[in-house]
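Now for the letters of each chain:
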Amino acid sequence: MSTALGNHILVEFMNCEPSIMNDVSAIERDMVAAAQKAGATVINSTFHHFSPYGVSGVVVIQESHLAIHTWPEYGYAAVDLFTCGEMNAWISFDHLKECFGAKSYSALELKRGSVNLLQRNDFDITSMRQKAAEWRNPDFYTRNVWFTDKDDEQALSLRFTGEVLFDVQSPFQRVRILESYKYGKMLALDDMVMTTEKDEFHYHEMISHPALFSLPSAKNVLIIGGGDGGTAREVLRHKNIEQVTMVEIDGEVIEACKIHLPKIAAEFDNPRLDLIVGDGIEFLKKASPNSYDLIIVDGSDPVGPAEGLFSVEFYTNCYKALKSNGILVAQGESPKFNEKAFTELNLTLQTIFGLDKAPISLFFVPTYPTGMWSFQYGIKGNITVNEVKNKSEIQDFVAKEKLRYYNEAIHTNTFALPNFVKELVRKK
Ligand code: SAM
């Protein structure tokens, strides 16, 4: 009879595969399997992926717990195997060593809770047992695998099933499709939420319809980015649009969304769409002047391939490519997340298009950090975007297309800015 209540193996796995050390789904799967292989009954698993990297998680078992914290940048994982009863945690150790490809390791085994040093309290075990029986259901355990999109001060976490439906490291970024409990399937690029099934319409309706109803005679639209297809879908609802050219740098994004987000990627075969896989920055450098009525920059955050989509040079080229009466709409980050990028972008647009020609539209996207997001405009020529000139036409369109975010009231209100935002971008 063991004289200790628990057995604790403290493990240092070293020289592990960095990509594995950063893969929350693979680690959760391996940790649960490590417990089950040693005959444990899994009660719950909770795992967090931190951006830019690192995973922490715990598998609660009837026989105590297995826990892990990883430092992918060192190829290192600190693992705790705490068990009680007859369970042999070295079986879990062997399984994890293999799964993580640990080329070196150290392990320290400790006995925890020496009964000789402890005083047993007597209490009514039957009531305890009865309660425990209600809780225990061996066939079912709750999985809490969280995807976290964060900067240094704030984060947004979404619980997902732990299953990764699509996972490709493209030349530009890591492209993943995950299934979240609350917002359905979601596209993540690197560790940033791009779009989800349940709230994509917030973003895609607001990036397109305010501009298109401010340009009733528009015919030629250019979309930079937008690889999930949602922006093209909304633009193509407007029958007056004759040609949409879409330049998306990453073919893997298009592929992932065609397969897993077909309702968003619904119009990729539309004859009015010219889909180009290429760099939008290079495309604008070569674009003919006065070509487009509307340019929509549906790019990701200002890192990696999208960094240049926030530059003065890029927006100067956009200005040149717009017709004399044209509109630019750009994914503008948030006044509460990436404030610096948000502010600098608007000051850039004010410089290129004119002080009062760079309005900002604020709207809500629940799955973006802070939920408060923006589209930033550049107006070329004599156009106003913050006034509704064709109310009944908008109402008919909204009803016919069954839009769920955009309407004539939202159209005007979205350009109303809180004072702190006006101060940020020096607007009256
Ligand atoms: N809604 C998202 C957001 O607010 O971050 C944007 C979604 S959309 C998927 C962003 C797309 O921009 C991605 O597919 C990415 O590959 C694409 N992209 C990034 N940089 C690009 C570039 N230089 N040229 C063309 N597409 C680019």
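An account of the accompanying structure is given in this report. (Residues numbered from 1 in each chain as written. Predicted model: local features only at pLDDT ≥ 70, side-chain atom pairs only at ≥ 80, totals over all residues. Heavy atoms only, no water.)

Take helix H7 (residues 251-260) next. Of all the residues in H7, the buried ones are Val253, Ile254, Ala256, Cys257 and His260. Within H7, the buried residues cover an arc of 165° as seen down the axis, which keeps them to one side. Lining the buried residues of H7 we find strand S8 (155-169), strand S9 (174-180), strand S10 (184-189), strand S13 (243-248) and strand S14 (273-277). One side-chain oxygen at the N-terminal end of H7 lies 2.9 Å from the backbone nitrogen of Glu252; it belongs to Asp250. (Buried < 20%, exposed > 50% of the residue type's maximum accessible area, 1.4 Å probe, protein only. Helix = DSSP H or I, 4+ residues; strand = E, 2+ residues; numbered from the N terminus. Arc of directions from axis to C-beta. Contact = heavy atoms within 4.5 Å. Polar contact = N/O pair within 3.5 Å; in protein donor to acceptor, adjacent residues only side chain to side chain.)

Helix packing geometry: the angle between the two helix axes and the distance between the axes. As a packed pair, helix H2 (residues 24-37) and helix H3 (residues 89-100) sit with axes 8 Å apart at the nearest point and diverge in direction by 150°. Classified by the interaxial angle, the pair formed by H2 and H3 is roughly antiparallel. Remark: the crossing between H2 and H3 carries right-handed chirality. Two secondary-structure elements touch here, H2 through Ile27, Asp30, Met31, Ala33, Ala34, Ala35 and Lys37 and H3 through Ile91, Ser92, His95, Leu96, Cys99 and Phe100. Taken together, the residues of the contact of H2 with H3 break down into nine nonpolar, two polar and two charged. (Axes fitted to C-alpha atoms, helices over the stretch in contact; angles between N-to-C directions. Parallel < 35°, antiparallel > 145°, perpendicular 65-115°, else oblique. Left-handed = near helix turned anticlockwise from the far one by under 90°. Nonpolar A, V, L, I, M, F, W, Y, C, P; charged D, E, K, R; others polar.)

We now examine the sheet that holds strand S16 (residues 322-331). Strand pairing in a sheet takes place through backbone hydrogen bonds and is either antiparallel or parallel in direction. In spatial order, the strands read S14-S13-S12-S15-S16-S18-S17; together these seven strands make up an open sheet with mixed pairing. Edge strands, defined here as strands with exactly one partner in the open sheet, are S14 and strand S17 (360-364). Here the average twist between neighbouring strands, direction ignored, is 15°. Sheet analysis places S16 next to strand S18 (residues 372-380), joined by six bridges and oriented antiparallel. Considered in S18, the bridge of Gln331 is made with Phe375. (Pairing = 2+ DSSP bridges.)

Mapped onto the secondary structure, Met31 falls in helix H2. Spatially, the C-alpha atoms of Met31 and Ala67 are 8.2 Å apart, while their sequence positions differ by 36 residues. Contacts of Met31, omitting those with residues within four sequence positions, involve Phe47, Val59, Leu66, Ala67, Ile68 and Leu96.

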